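So you can see what is in the structure, the chains are spelled out below.
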Amino acid sequence: MSQAQLAGPDLSDSYVSLIESGKRTPTPVVARLLAERLGCTTEFLLHGIEPRQRIDTELGLRHAELELQHGDPSVAADRFTEIVKAADEENAMLTAHARFGRARALEAQGRLGQAVEAFERLRREASAHPERLADLPLTIALSRCYQRAGDRLRARDLASYALEQAERLSITQGEVAIDLAAALVEARSERESDSRELGYVKRVLDTTGVPHVVDRSGEIQALWHASAAAAAGEDSALAVRLADDAIMAGRQARLALQLARAAMHWSRLATAPIDEAERLIAGAVEAFAAFPATGREHGESIVVHARVRLRAGDPARAGELARTALELSNDRSGTTPAEAHLVLTTVALDQGEDAAAHLRTAHELLDTLDRPVFGSDRQAARCWRELGDLYGRAGSRAQQAAAYRKALEAAGVRSAMAGVTVDATVSR
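Residues numbered from 1 in each chain as written. Predicted model: local features only at pLDDT ≥ 70, side-chain atom pairs only at ≥ 80, totals over all residues. Heavy atoms only, no water.

Student: What is the right way to look at the packing of aromatic side chains in this model?
Tutor: Aromatic ring pairs are described here by two measures, namely the spacing of the ring centres and the angle between the planes. The tally for this structure, following the rule as stated, stands at one aromatic pair. Taken together, a centroid distance of 6.1 Å and an interplanar angle of 65° make the contact between Phe100 and Phe119 edge-to-face. Of this pair, Phe100 sits in helix α7 (residues 92–108) while Phe119 sits in helix α8 (residues 112–128), and the two are 19 residues apart along the sequence. Judged by its relative accessible area of 17%, Phe100 is buried. Its guanidinium or amino end placed over the ring of Phe100, Arg104 lies 5.0 Å from that ring's centre, counting from NZ or CZ. Geometry around Tyr146 places Arg154 over its ring, the cationic atom sitting 5.2 Å from the centre. (Phe/Tyr/Trp six-rings, centres within 6.5 Å; stacked < 30°, edge-to-face > 60°. Helix = DSSP H or I, 4+ residues; strand = E, 2+ residues; numbered from the N terminus. Buried < 20%, exposed > 50% of the residue type's maximum accessible area, 1.4 Å probe, protein only. Lys NZ or Arg CZ within 6 Å of the ring centre and 35° of its normal.)

Here it is in structure tokens:
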């Protein structure tokens, strides 16, 4: 069919040519007219996909997102990948969202090298096609990945660049602001004083606080299963609606936990005012306590609370909190049990008591930590450094030097991203 035949008596040949070249977007009336003459649906003409295909793809994206947030991230990665393979260039926006989901699923699995490569490719695409994906969430995600891989300088650079975008748009509330605040405070040094980055984190925390939430995992699972049943019964529209309800039910909890993480990291700062740190860490402890899946972070937040009480000159309460954290750390994994014993060591030394048992236990716990598969272990490095400080206070110089050496080893960057090519023109 020629352009003249398609234009017919209603349209001009030149207008059809402009539409075909992408220089004009047809109005709804023109789109319906063209679709009728071409023998296809308006949906297919505008999006390259039939209505049923589109709703099935939308449903697939939602179920993959539920798998990522509340199920198995490896299964989520496979589901996102299937959507990418099934889509084509005519469905560029849906494909981009599926690729973004797959990158987040790789990050959730700890496959940081692959996640970084995926996020970087998406940033290049966002630079060329901003109508498909926004650059800001991708930059924040990259900052997170580099932070977890041990490249703190890169993480800080990306987070600062994201902050410039957020401040230009006055974004201080919502999911993007909360994710950015968490990335900024995690990438900061604990000994850092006031800065533009920490000022932004404080604004987000002051605006939103750490809200009280309840665990709605039972409701989420029920809605998810109902959505799957509706899809199996060919009721795709209802399946999408139920999946949306399940995602929204989990959103409040996800944001509350992300705020709790930001509050916990902020409360660790030596420069954080005591009253504000006390308020924020108490909210974080309450938020983590509400979710069984965040048991390790619950224990970590209690140790941070103990440190806040130490700074406040309340060693008795600090000791109580440290012992509570130990009771929660039944598996003795991670740095939380060691940190609790470090707090108890500080309390004992401050009160002139024998701290040898707590020092020895903290040392033994740190020695049993698994060597990180990727990057540096910032928490372990911090614990070894503190252990060295405490050995120094106790007069054990040889042990102090050995602990400092361990701290340096734990802080070393072991790249998980060998061979990753980064486009410097896009990744600032």
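Student: Please clarify how the environment of His341 should be interpreted in this entry.
Tutor: Considering the arrangement of structural elements, one finds His341 in helix α18 (residues 336–350). Sequence-wise, His341 and Arg323 are 18 residues apart; in three dimensions their C-alpha atoms are separated by 8.4 Å. Apart from the residues within four sequence positions on either side, His341 is in contact with Leu326, His358, Thr361, Ala362 and Leu365. (Contact = heavy atoms within 4.5 Å.)

Student: Where do I start with the nonpolar core in this structure?
Tutor: Proteins that are soluble and globular tend to have nonpolar side chains buried together. Within the largest apolar cluster, 54 residues are counted, with the highest numbers of intra-cluster contacts made by Leu180, Tyr200, Leu205 and Trp266. Of the residues forming this core, the biggest block, 10 residues, is contributed by helix α14 (residues 236–268). Residues in contact with Leu180, not counting those within four places in the same chain, are Ile140, Ala159, Ala162, Leu163, Ala166 and Tyr200. In terms of nonpolar packing, the next biggest core, distinct from the first, is built from 20 residues, Leu112, Ala118, Leu122 and Ala141 among them. (Core = buried A, V, L, I, M, F, W, Y, C linked by side-chain atoms within 4.5 Å.)

Student: Quick question: what am I supposed to make of unusual backbone geometry here?
Tutor: Working note: non-glycine residues mostly have negative phi, and peptide bonds are mostly trans. Phi is positive for Ser170, close to 55°, though the residue is something other than glycine. Within the secondary structure layout, Ser170 lies in the loop between α10 (152–168) and α11 (175–187). The class of Ser170 is exposed, set by a relative accessible area of 61%. In this model, Glu234 sits at a positive phi of 70°, which is unusual for a non-glycine residue.

Student: Can you help me understand the pattern of salt bridges in this one?
Tutor: Side-chain pairs of opposite charge can arise where the charged atoms are in close proximity. All chains considered together, the criterion is met by 31 salt bridges. Note that Glu67 is salt-bridged to Arg79, the shortest N-O span being 3.6 Å. On the criterion of sequence distance, the pair formed by Glu67 in helix α5 (residues 51–70) and Arg79 in helix α6 (residues 73–86) is long-range, its members being 12 residues apart. Overall, Arg79 belongs to the partly exposed group, its relative accessible area being 33%. Note that Asp179 and Arg254 form a salt bridge whose closest N and O atoms lie 3.3 Å from each other. Note that Asp179 is positioned in helix α11 and Arg254 in helix α14, a separation of 75 residues in sequence. Judged by its relative accessible area of 13%, Asp179 is buried. You can call Arg254 partly exposed: its relative accessible area is 23%. (Salt bridge = Lys/Arg side-chain N within 4 Å of Asp/Glu carboxyl O.)

Student: Looking at this structure, how should I read a nonpolar patch on the surface?
Tutor: Judged by side-chain polarity, Met1, Leu38, Leu45 and Leu46 come together as a nonpolar surface patch covering roughly 380 Å² of accessible area. Residue position: Leu38 is located in helix α3 (residues 28–38). Classification of Leu38 as partly exposed rests on a relative accessible area of 41%. (Patch = residues over 30% accessible without salt bridge, like charges linked within 9 Å, V, L, I, M, F, W, Y side chains within 5 Å. Areas by Shrake-Rupley, 256 points an atom, 1.4 Å probe, with all protein chains shown as cover.)

Student: Looking at this structure, how should I read the packing of α11 against helix α12 (residues 196–208)?
Tutor: Direction vectors running N to C along α11 and α12 enclose 135°, while the axes themselves pass 9 Å from each other. With respect to each other, α11 and α12 are oriented oblique. Once α11 is placed against α12, the crossing between them reads as left-handed. Here α11 contributes Ala177, Ile178, Leu180, Ala181, Leu184 and Val185 to the contact with α12, which in turn contributes Glu197, Leu198, Tyr200, Val201 and Val204. Each residue belonging to the contact of α11 with α12 can be placed in one class, and the counts come to 10 nonpolar, no polar and one charged. (Axes fitted to C-alpha atoms, helices over the stretch in contact; angles between N-to-C directions. Parallel < 35°, antiparallel > 145°, perpendicular 65-115°, else oblique. Left-handed = near helix turned anticlockwise from the far one by under 90°. Nonpolar A, V, L, I, M, F, W, Y, C, P; charged D, E, K, R; others polar.)

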